[in-house]
Amino acid sequence: MKTDDFNFDEKNNDVDSLEELLSFQDLILTLTTEFFHIQPKDFDSTISKILKTVGEAIDVERVYIFIRNEELHLYTNTYEWCQENISPQIDNLQHVPFDLYQPIRTLIQKEGNANIPDISVFQYNKPLFLHFYNQDIKSFLMLPLFGGGSKIGLIGFDSVSKRKIFSEREISLLKVLSNVIGNAIIKHDQEIKIVQSEAEFANLFESMSQGVIYQDWTGRIIKANTQASRILGLTLEQLNGEEPIPNSWYLVYADGSKLPNQEFPAHVVFSSGNPQVNVEMGVYRPDLKDFIWILVNSIPEFSNNSKKPDRVLTTITDITEKRRDQEARKANDIKFRKLVENLPGAAYLGKFKGSYSADYISEKVYDILGYTTEEILVDNPDFESLYHPGDHVVARKVLSDAVHNKKPYHLNYRMRHKNGHWVWIEEFGEGVFEQGELQYLIGFFVDVSERKKNEDQIILHGKLQDLLMKISSTYISVEPDLFDEAIQNSLAELGEFIQADRFYIFSYDFERMTCSNTHEWCAEGNEPQVEILQNVPLEEIPDWVNTHKKGETLIVYDVAGLDENSHLKSILEPQGIKSLITIPLMDDLNCIGFVGLDFVKDKHHYSSLEEDLLKVFADMLASVKKRFKLSSELMEKQQFLADIIENNESLFYVKNLKGQYLLVNKKWEKTSGVKRDKAIGKKDREIFSTKNEQNIMAIEENDEFVFKKKRVLYKEEELLIHGKKKYYETIKFPFKDKVGNTIGVAGISTEVTNRKMAELVLKDSEERFKTIFEKNASPMYLFDPNSRRFVDVNEAAASYYGYSKEVFLTLKLEDINVSKTDLDKKIQKVRQTNRQRYEFKNKRSDGSIRDVEVFASVLKIGEKELIHSIVHDITERNEYLQTVENQNSLLQEIAWEQSHIVRAPLARMMGLFDLLEEEDLDRKEKKFIRNEILSSACEIDEIIKQISAKTSQLNLDEIKASEYKDKERKNHLRLTCC
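The written sequence of each chain sets the order in which its residues are numbered from 1. At least 70 in pLDDT is required for a residue's local features to be given in this predicted model, at least 80 for side-chain atom pairs to be given and counted, and no such filter applies to totals for whole chains, interfaces and linings, which use all residues. Processing note: side-chain calculations cover all non-hydrogen atoms of the structure and skip hydrogens and water entirely.

We now examine the overall build of the protein. Strands are runs of DSSP state E lasting at least two residues, helices are runs of H or I lasting at least four, and both sets are numbered from the N terminus onward. Scanning the protein for helices and strands turns up 29 helices and 34 strands. Taken over 978 residues, the protein has a buried fraction of 41%. In what follows, a contact means two residues having at least one pair of non-hydrogen atoms within 4.5 Å. Across the protein, the fraction of contacts at a sequence separation of at least 24, relative to all contacts at a separation of at least 6, is 51%. Carbon together with sulfur atoms contributes 51% to the accessible area of the protein, which is approximately 55,900 Å² in total. With a 1.4 Å probe rolled over the protein chains alone, any residue whose accessible area is under 20% of its type maximum counts as buried; one over 50% counts as exposed, and the rest are partly exposed. Where accessible areas are quoted, they stem from the Shrake-Rupley method and a 1.4 Å probe; at the residue level, only the protein chains shown are allowed to cover.

The next subject is the pattern of salt bridges. Close approach of charged atoms allows side chains of opposite charge to pair. Take a side-chain nitrogen of Lys or Arg and a carboxyl oxygen of Asp or Glu: if they are within 4 Å of each other, that pair is a salt bridge. Summed over the entire model, instances satisfying the criterion amount to 43 salt bridges. Between Asp59 and Lys162 there is a salt bridge; the shortest N-O distance is 2.5 Å. Of this pair, Asp59 sits in the loop between helix H2 (43-57) and strand S1 (62-69) while Lys162 is found in the loop between strand S6 (150-159) and helix H5 (168-207), placing the two residues 103 residues apart along the sequence. A residue is classified by how much of its surface remains accessible, and Asp59, at 18% relative accessible area, is buried. When the shortest N-O distance is used, the salt bridge between Asp851 and Lys841 registers 2.7 Å. In this pair, Asp851 sits in strand S33 (residues 849-861) while Lys841 sits in strand S32 (residues 835-843), placing the two residues ten residues apart along the sequence.

On to the sheet that holds strand S30 (residues 780-783). Two strands pair under a simple rule: DSSP has to find at least two bridges between them. With respect to topology, five strands assemble into an open sheet ordered S31-S30-S34-S33-S32, the strand pairing being antiparallel. On the outer flanks of this sheet lie strand S31 (790-793) and S32, each paired with one strand and no other. Put simply, the sheet's adjacent strands are angled 30° from each other on average, direction ignored. Each of S30, S32, S33 and strand S34 (864-873) is contacted by helix H25 (residues 823-833), which is oriented at about 155° to S32, the strand it contacts most. Axis geometry follows a simple rule: fit a line to the C-alpha atoms, using only the stretch in contact for helices, then measure angles between N-to-C directions, giving values from 0 to 180 degrees.

Glancing now at helix H14 (residues 483-498). A helix is expected to reach a length of 1.5 Å times the quantity of its residues less one. Under the 1.5 Å per step criterion, the end-to-end length of H14 is 22 Å for 16 residues, consistent within 8% with the ideal 22 Å. Count one or two residues on from H14 and you reach Gln499, which has phi positive near 65°.

Residues are said to line a cavity or pocket when one of their atoms sits within 4 Å of a point; the points come from a 1 Å grid over protein atoms alone, cavities being sets where a 1.4 Å probe fits but cannot get out and pockets being open sets with protein on both sides within 12 Å along at least five of seven lines. Grid points are joined across faces, edges and corners, and a volume is the space filled by probe spheres set on the points. Considered as a void within the structure, the second largest pocket measures approximately 600 Å³ in volume. Every residue lining the second largest pocket is counted, 21 residues in all, and those nearest its centre are Asn648, Ser650, Ile748, Thr750 and Lys924. Among the elements that make up the lining of the second largest pocket, the one with the highest residue count is helix H17 (residues 608-647) (four residues). Split by residue class, the lining of the second largest pocket holds seven nonpolar, six polar and eight charged. We call Asp, Glu, Lys and Arg charged. Ala, Val, Leu, Ile, Met, Phe, Trp, Tyr, Cys and Pro are nonpolar, and the rest, Gly among them, are polar.

Further remarks concern the environment of Lys736. For Lys736, the position within the fold is in strand S28 (residues 724-736). It is 9.5 Å that separates the C-alpha atoms of Lys736 and Ala746, two residues lying ten residues apart in sequence. For Lys736, the residues in contact, after removing those within four places along its chain, are Asn741, Thr742 and Ile743.

Let us look at the sheet that holds strand S11 (residues 276-285). Strand order in the open sheet formed by seven strands is S8-S7-S13-S12-S11-S9-S10, and the pairing between neighbours is antiparallel. Single-partner strands in this sheet number two, and they are strand S8 (221-224) and strand S10 (258-259). Examined bridge by bridge, strand S7 (residues 211-216) and strand S13 (residues 311-318) share six bridges and lie antiparallel to one another. Note on S13: the bridge partner recorded for Gln215 is Val312.

Before going further, it helps to spend a moment on the packing of H14 against H17. Interhelical geometry of H14 versus H17 gives an angle of 175° and a closest axis separation of 12 Å. The angle between the axes of H14 and H17 places the two elements in the roughly antiparallel class. Here Phe483, Ile487, Ser490, Leu491, Leu494, Phe497 and Ile498 of H14 come into contact with H17, specifically with Glu610, Leu613, Phe617, Leu621, Val624, Lys625 and Phe628. Looking at the contact of H14 with H17 residue by residue, the classes come out as eleven nonpolar, one polar and two charged. If an angle is under 35 degrees, it is roughly parallel; if it is over 145, roughly antiparallel; if it lies from 65 to 115, roughly perpendicular; otherwise it is oblique.

Further remarks concern the pairing of S31. Inspection of the sheet shows S30 paired to S31 by three bridges, in the antiparallel sense. By the bridge assignment for S31, Phe783 is matched with Phe790.

A positive phi angle, near 55°, is found at Lys289, a position not held by glycine. Assignment of secondary structure puts Lys289 in the loop between S11 and strand S12 (290-301). Lys289 gets classed as exposed once you look at its relative accessible area, which sits at 70%. Non-glycine residue Arg788 carries a positive phi angle of around 60°. With respect to the helices, strands and loops of the structure, Arg788 is situated in the loop between S30 and S31.

Stacked, tilted and edge-to-face are the three classes applied to pairs of Phe, Tyr and Trp rings, where Trp contributes its six-membered ring and a pair requires centres within 6.5 Å; stacked means planes under 30 degrees apart, edge-to-face means over 60, and tilted covers the rest. For the structure on display, the rule yields 36 aromatic pairs. Between the aromatic rings of Tyr781 and Phe790, the centroid separation amounts to 5.0 Å while the plane-to-plane angle is 85°, which identifies the pairing as edge-to-face. Of the two residues, Tyr781 and Phe790, both sit in the buried class. Chaining the aromatic ring pairs together yields one cluster made of Tyr64, Phe66, Tyr75, Phe98, Tyr101, Phe122, Tyr124, Phe132 and Phe140.

Before going further, it helps to examine H2. Because each turn of an α-helix spans 3.6 residues, side chains separated by three or four positions in sequence point in the same direction. The first and last C-alpha atoms of H2 sit 21 Å apart over 15 residues, in line with the 21 Å expected at 1.5 Å per residue. Looking at H2, one finds that the buried residues are Phe43, Thr46, Ile47, Ile50, Leu51, Thr53, Val54, Gly55 and Ala57. Within two residues after H2, Asp59 carries a phi angle of roughly 60°, on the positive side.

We now examine the nonpolar core. Here, the term nonpolar core denotes a set of buried Ala, Val, Leu, Ile, Met, Phe, Trp, Tyr and Cys residues that are joined through side-chain atoms within 4.5 Å. Ranked by size, the top nonpolar core spans 55 residues in total, and within it Tyr475, Phe503, Trp544, Val595, Phe617 and Leu621 carry the most contacts. Element by element, the count of residues in this core is highest for H17, at ten residues. Counting residues in hydrophobic clusters, the runner-up holds 30 residues, among them Ala57, Tyr79, Phe157 and Ile181.

Let us now look at the environment of Asp784. Its location among the elements puts Asp784 in the loop between S30 and S31. Taking the C-alpha atoms as reference points, Asp784 and Lys812, separated by 28 residues in sequence, lie 9.1 Å from one another. The contacts of Asp784, once residues within four sequence positions are left out, are Arg789, Val791, Lys864, Glu865 and Leu866.

With that settled, consider the confidence of the model for the protein. Per-residue confidence for the protein gives a mean pLDDT of 82, with 88% of residues at or over 70. Note on residues 1-17: pLDDT under 50 across the span, and 31 contacts to partners over four residues away in sequence or across chains. Confidence of the predictor in every single residue is expressed as pLDDT, which spans 0 to 100.

Together, Phe640, Leu641 and Ile644 make up a nonpolar patch on the protein surface, roughly 290 Å² of accessible area in all. Summarising the element assignment, Ile644 is placed in helix H17. On the basis of relative accessible area, Ile644 is assigned to the partly exposed category, the value being 33%. Here a patch means residues that are over 30% exposed by relative accessible area and free of salt bridges, tied together within 9 Å if like-charged and within 5 Å if nonpolar (Val, Leu, Ile, Met, Phe, Trp, Tyr).

With that settled, consider the side chain of Ser579. Within the element layout of this structure, Ser579 appears in strand S23 (residues 579-587). Residue Ser579 is classed as buried on the basis of its relative accessible area, which comes to 0%. Here Tyr557 takes part through its backbone oxygen, which lies 2.4 Å from a polar atom of the side chain of Ser579. Any pair of nitrogen or oxygen atoms within 3.5 Å is treated as a polar contact; in protein, a donor-acceptor pairing is required on top of that, and neighbouring residues in sequence qualify only through side-chain atoms on both sides.

Let us look at the pairing of strand S19 (residues 502-509). Most of S19 sits out of view: six of its eight residues are buried. Taken together, the six bridges between S19 and strand S24 (residues 590-599) define a ladder with antiparallel strand orientation. Looking at S24, one finds that Arg502 is bridged to Asp598. Bridge count between S19 and strand S20 (residues 514-522): eight bridges; the pairing is antiparallel. Following the sheet pairing, Ser507 is matched in S20 by Ser516. Connecting S19 to the antiparallel partner S20 that follows it, the hairpin turn spans four residues, and Met513 within it adopts a positive phi of roughly 60°.

Bringing the side chain of Thr46 into the picture now. Looking at the element boundaries, Thr46 is found in helix H2. At 2.7 Å, the side chain of Thr46 and the backbone oxygen of Asp42 are in polar contact.

As structure tokens, this is what we get:
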């Protein structure tokens, strides 16, 4: 049947004939039947074909279908047919709002359709009117599209070329068609979804990470994905039993023991009918030469109330990596626990939701807080309940800020130990976040009580150091008259710092055997004791005193605990003292007193800091006292030095670099005849007469030498003073300032005129002595008493013994002495007495033996000790001794007396000479010695004259000796006396 057989126009818009109605019904029926055989792939083309057929049948230019979107409240044009030369509108009608079609929807709701013969009826609704007008629509019919019993959209029929009124019969038939199309669309959508679902299932089945095996009641594998083959390392043919499984492939239980194939979970399900869930096992794969580990779930499927499963679905999950991870986690957990156990503090993991609670904490918490992990986690889940009230707010704020800012946190606070005391804690931690949300806190904390204590000690040390610096700076410059006030201030500052009840200083008086309280500070509410503690006998506190003498500290922690008979307790208890410490004041090794601290209100355990503080203070006081003592001694020494300079018999003076006098002493005034006020600020040539020009020039040269060379100058100066020649021994040395710069010259001039004259006399005497030794007719020699070798001989000795002087000096004393037995004793006696006379028998070079008389005396030349001997030949004298006994007796008496008289000044001279050789004598001592030598020399000279006078008076006429011999004896006696 052709569509041209139907013609509905404005003049004839009813189907009058039954034949036409039946033909249209047949068309609808044909179209409906066609939908039953439509394939999903042909659905769109079939819909388009039906829309075309209907449009031509009812004589419209456009037929279309709108599908509604309830979520977006939109209509979407999904299908459209248009006659040729009619513009399609499907692209323009993709998002038509429900609100735009509201009048049409209302009409359909009311009438069941929207039959609009002329769109001008919508002129009241301009947007809707323009919507149809712009599509060139003159008339249209819209019917609701139902599918599955629900409205799914609209189907519309547009007349573009002419106005058209759709008859009721047309509308009824088109409604049937719309229902068929709506249901077809729903069916098509469902089929599409099923196809998609099947495709998705197939894709999911193949892409699953799990292996899936579907078996029927015979055990045959109906379906298996490739993942099952991959996991098990078997082909599908091997799984189905079509190909053999290698003998090297086998199953094991989770513990590693071999698992029989019949024990595989699917087989167990078939035999028992019970599901097998989360069965862990291993598969040894020869291709990998290793085990893989799997988790198997086998679920039975039953049909028709069968007790045995018809099918079994088995899923296989590869848990090899998971198992390895678990093993690694176990190993890491062991390592972690060992690490945690070796941490210096306690590790924790917990939550923070307004307050902190611990889910895990390491056992080190017991060492820190005295709680076991169970006690912390069970009894104190709110960790903050252990915080010190003074730290809780700050710690919580730091933790909250760190969590809010997603940053690590660092806390210092106190926590209550199980036994009640507070422990200082240092905590480090951070939050663990997932997708911005805090999951838990992880960290650790350590006990830093000891460090905190040390830090407090450091702070305390710092304050103490500042205090000591302040006190020490006070004592560095304190004057003696302000010393007591400074001590009182220091006692108050230190006593308050230590929080003691009493701080005091005692001095020892070991002459009177007492000690007295010299200074005292008392805290408010404590009675002073300074008035009571004066002249305390040391015998009452012997242990106390002996401890201080050794420079040791005395500490009494508990006075009440002292022995009841202790003198110390009897002294301390009346003062209410419970604890005390005393530090000795030491002046080098001498104890001069002590400083002490008393605690009256409570017993006190003295810290090392407090002891060190007292020691420093004691050392400071002792140092200041010593400084005052030294300062006083220095002032005394300075005054003493000033007195020495002023009253010295030497001239003392100081000049500046210009040669102007800065200082002169009283002796300088007296000697120069110039008052010091006339001399100060002037030079020598401005003070003294130009007649002394030569002397002044010499003085200036000496001063210049000291200035330039910066060396001490020793000089003997000859000056003409008041017309008399004076000799001065002058020492000039650089005069320096505090930093060592030479600013002048100081001089000490000692008059040595008398000594100079004595030296001249002594020099003359020495010359005469030398002449006496060398030219004396009597033999003389010097020998070393240790080696007994001759050191020097005179010509008379060489001649007498018949040796040349050179040969004589190679001999020893025993070479000329016949008797050698008592030689050592006689030499020793000479050394003891300094002078001795002996008679020997000497042998001369020609072998003759002569009786000799030897006068021996000790001489010191430098550091060497020698014995000087004068030899007289007494051979003839002995022969004539009996004859001249009376005269000889007289002579011996004179000789003995005069020899004794001579020996004293001579011995004195020799001793003075020895002293003169010492290097550490000062000028004054040397002057004294020289004066004494001169005096002794004069005394010897006078004695020699007296001896000569007495000797000349002797009447020797009666002696039977020849005149020559007599004369020789006289000369011999005279020389011996010299």
